[in-house]
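# Report on the structure
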Amino acid sequence: AATGEVSARVLQDTLQEETQDFRQVFVDGVYNSELSVEKDELPEGAYVGSIKDLPEDFHDEVKKELGIVAEDKYGSKFFAALNKANLQDVSVIALKEGVSLPKPLQLTFYSSKAKMKRKASASFPRIVILAGKESKGSIYVNHVGDSGTDAFSCPVTTVKVGDDADFSLHYQQQHSEYTVHAEAMNVTVMDRGKFTWKGFLNGGSVGRLNLAIDLKGADAEVEVLGASLATEGKQLDIHTFIRHLGERGVSKQEHRSIVGAKAEGIFRGQIYITKEAYDCDADQQSRALLLSSTGEVNAMPTLVVEPDRVEGAAHGSTVSDLQGEEMFYMLCRGLDEETAKTMLTKGFIRHIIQEFPFENMKTRLMDQIADIAHSATVQWRFTDLDGTSNFDKVMGRDEEMSMF
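As a starting point, this report considers the structure included with it. Since the structure is predicted, the reported quantities are computational estimates derived from the model, not experimental observations. (Residues numbered from 1 in each chain as written. Predicted model: local features only at pLDDT ≥ 70, side-chain atom pairs only at ≥ 80, totals over all residues. Heavy atoms only, no water.)

### Notes on helix α3 (residues 76-85)
Within the span of α3, buried status applies to Ser-76, Phe-79, Ala-80 and Asn-83. Summarising the axial view, the buried residues of α3 lie within an arc of 100°, below the 170-degree limit, and thus occupy one face. Residues Lys-77, Phe-78 and Ala-85 are exposed on α3 and point more than 90 degrees away from its buried face. (Buried < 20%, exposed > 50% of the residue type's maximum accessible area, 1.4 Å probe, protein only. Helix = DSSP H or I, 4+ residues; strand = E, 2+ residues; numbered from the N terminus. Arc of directions from axis to C-beta.)

Here it is as structure tokens:
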């Protein structure tokens, strides 16, 4: 099923201890039983696997969800059309009414290295998630490839969270530095349903995710917590479209990005509260940390409110760099410059990383942040009466003060 080479090392490195007894691997969008681990038995009424082995009682609903395309303004229908034209397999996660998964499951989508030189591989993963009424589950989806792999990846994911169901999707896009990743994800949440998405983008030369969520039922809840780490030469882009269709819906979104030299971080999001969606509470926040003057951040949060009665509706965006005042504070307490940069950079994004329940993932992300932090530039804004501003003068004052 694979078009090229698969690295056992990469698969092992991305395996989480918490999911080591159940991980399904799809190579170039096709399920690979030899690379998958399925020691844990699923509860009755749950199915996780390829559509080729899908039980008959799930057929109609899965077929219906396969036809759904995200209704957004960001071009998801083009991603979906490309995915459909090249579809080879479908990963299905289906939970019947009242069924709960005892612990998180892992799905790994691997883009292989082409066998022929100067050729790139292509993969078109398709994922359908059905969380039935009063069900509960959590999965970890990661998209990976070996370093140096030239590849194009175009996944499409459809999620339906039923009445009173609770489903969490943990996500990481960690492709090689030469991969282009373009993904569309569509989520529908019904009455009193709860959906949580926690994601991290740190791979690919170009990474794009369109995340569209409809709070279709009354009292539906959605939490979106995302982060991205754009190192040199990368363009990482997340577009979100959260639409309130039912009354008393609650949506909370926060996205943080760290952008290095010659990299670009993009966030474009919209919360749309329709005229029928009374008493909703919506919040959207974007925060970016720029580590170099050659990096670029584009943040475009928007809010559309049609009803005249809402519980709350807010959005905001900030872009900052490492501040000289913060560095000065830490240097005065005996820390060297490299340690201070690392602590400040990690601190900017730590609270989001800590939300992931996977220790291996958290450790590796913190290590990657430390690697980029040492090259960060610091903006010194201390100013004398004569208008001058420089690091040496500030530190010179500190040495003078230490003599008293």
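### Describing the packing of aromatic side chains
Enumeration over the complete set of coordinates arrives at five aromatic pairs. Taking 4.9 Å as the distance between ring centres and 40° as the angle between the ring planes, the aromatic pair formed by Tyr-140 and Phe-358 counts as tilted. With Tyr-140 in strand β10 (residues 136-145) and Phe-358 in the loop between α5 (337-353) and α6 (359-373), this residue pair connects regions lying 218 residues apart in the sequence. Taken together, Phe-26, Tyr-31 and Phe-109 form an aromatic cluster joined through their ring pairs. It is Lys-96 that lies over the ring of Phe-58; its NZ or CZ is 5.4 Å from the centre. Over the aromatic face of Tyr-329 sits the side chain of Arg-333, whose NZ or CZ is 3.8 Å from the ring centroid. (Phe/Tyr/Trp six-rings, centres within 6.5 Å; stacked < 30°, edge-to-face > 60°. Lys NZ or Arg CZ within 6 Å of the ring centre and 35° of its normal.)

### A word on the sheet that holds strand β17 (residues 221-230)
Taken together, the eleven strands give an open sheet; going across it, the order is β3-β2-β6-β10-β13-β15-β17-β19-β21-β23-β24, and neighbouring strands pair in mixed fashion. Every interior strand has two partners, whereas the edge strands, β3 (30-38) and β24 (378-379), have only one. In the packing of helix α4 (residues 324-331) onto the sheet, the strands contacted are β23 (312-323) and β24, and the crossing angle to β23 comes to about 60°. Sheet contacts for α5: β15 (194-201), β17, β19 (250-259), β21 (281-290), β23 and β24; angle to β19, the most-contacted strand, approximately 155°. (Pairing = 2+ DSSP bridges. Contact = heavy atoms within 4.5 Å. Axes fitted to C-alpha atoms, helices over the stretch in contact; angles between N-to-C directions.)

### Some thoughts on the pattern of salt bridges
Going through the model one piece at a time under the given rule, you end up with 17 salt bridges. Note that Asp-13 is salt-bridged to Arg-9, the shortest N-O span being 3.5 Å. One end of the pair, Asp-13, and the other, Arg-9, are both in helix α1 (residues 8-13), four residues apart, so they sit about a helical turn from each other. The partly exposed category is assigned to Arg-9, whose relative accessible area is 48%. A salt bridge links Lys-341 to Glu-337; the nearest nitrogen and oxygen atoms lie 3.8 Å apart. One end of the pair is Lys-341 and the other is Glu-337, both in helix α5 and four residues apart, which spans about a single turn. Look at Lys-341 and you get buried, because its relative accessible area is 7%. (Salt bridge = Lys/Arg side-chain N within 4 Å of Asp/Glu carboxyl O.)

### Side note on unusual backbone geometry
Residues other than glycine seldom take positive phi values, yet Glu-134 does so here, at roughly 60°. As for its placement among the helices and strands, Glu-134 is situated in the loop between β9 (126-131) and β10. Accessibility expressed as a relative area gives 45% for Glu-134, which makes it partly exposed. If you check the backbone angles, Asp-219 has positive phi at about 60° while not being a glycine. Using a relative accessible area of 29% as the deciding quantity, one classes Asp-219 as partly exposed.

### Section: the pairing of β3
Pairing between strand β2 (residues 22-27) and β3: five bridges, direction antiparallel. Paired with Val-27 across the bridge in β3 is Val-30.

### Topic: the environment of Ile-139
Of note, Ile-139 is situated in strand β10. Note: C-alpha distance between Ile-139 and His-351 (212 residues apart in sequence) is 20 Å. Ignoring anything within four residues of it in the chain, the contact list for Ile-139 reads Ile-93, Leu-105, Leu-107, Ile-129, Phe-167, Ser-168, Leu-169 and His-170.

### Some points on the packing of α4 against α5
Two packed helices can be described by the angle between their axes and the distance between those axes. Where α4 contacts α5, the axes come no closer than 10 Å and their chain directions differ by 125°. Considered as vectors, α4 and α5 are oriented oblique to each other. Between α4 and α5 the crossing geometry is right-handed. Here Glu-326, Met-327, Met-330 and Leu-331 of α4 lie close against α5, whose contacting residues are Glu-337, Ala-340, Lys-341, Met-343 and Leu-344. (Parallel < 35°, antiparallel > 145°, perpendicular 65-115°, else oblique. Left-handed = near helix turned anticlockwise from the far one by under 90°.)

### Some details on the nonpolar core
Of all hydrophobic cores here, the largest spans 49 residues; its most connected members are Ile-139, Phe-167, Leu-169, Phe-195, Trp-197 and Ile-213. Those residues within four positions of Leu-169 in sequence are excluded, and the remaining contacts are Ile-129, Ile-139, Val-141, Val-159, Met-185, Phe-195, Thr-196, Trp-197 and Lys-198. Counting residues in hydrophobic clusters, the runner-up holds 26 residues, among them Ala-227, Leu-365, Met-366 and Ile-372. (Core = buried A, V, L, I, M, F, W, Y, C linked by side-chain atoms within 4.5 Å.)

### Examining α6
Under the 1.5 Å per step criterion, the end-to-end length of α6 is 21 Å for 15 residues, consistent within 8% with the ideal 21 Å. Regarding α6, the residues found buried are Met-361, Lys-362, Leu-365, Met-366, Ile-369, Ile-372 and Ala-373. Taken around the axis of α6, the buried residues stretch over an arc of 125°, which confines them to a single face. Looking at the packing, one finds that the buried side of α6 touches β10, β13 (166-174), β15, β17, β19 and α5. (Expected span 1.5 Å × (residues − 1).)

### Here we look at the environment of Ile-266
Along the chain, Ile-266 falls in strand β20 (residues 264-273). Looking at Ile-266, the relative accessible area reads 13%, which means it is buried. Linking Ile-266 and Ala-230, residues 36 residues apart in sequence, is a C-alpha distance of 9.8 Å.

### Structural notes on the packing of α5 against α6
Close contact between α5 and α6 brings their axes to 9 Å; oriented N to C, the two are set at 145°. Crossing hand, α5 versus α6: right-handed. Judged by residue contacts, Lys-341, Thr-342, Thr-345, Lys-346, Ile-349, Arg-350 and Ile-353 of α5 engage Lys-362, Leu-365, Met-366, Ile-369, Ala-370 and Ala-373 from α6. Taken together, the residues that form the contact of α5 with α6 break down as seven nonpolar, two polar and four charged. (Nonpolar A, V, L, I, M, F, W, Y, C, P; charged D, E, K, R; others polar.)

Without other data, these values stay purely geometric and don't point to any function.
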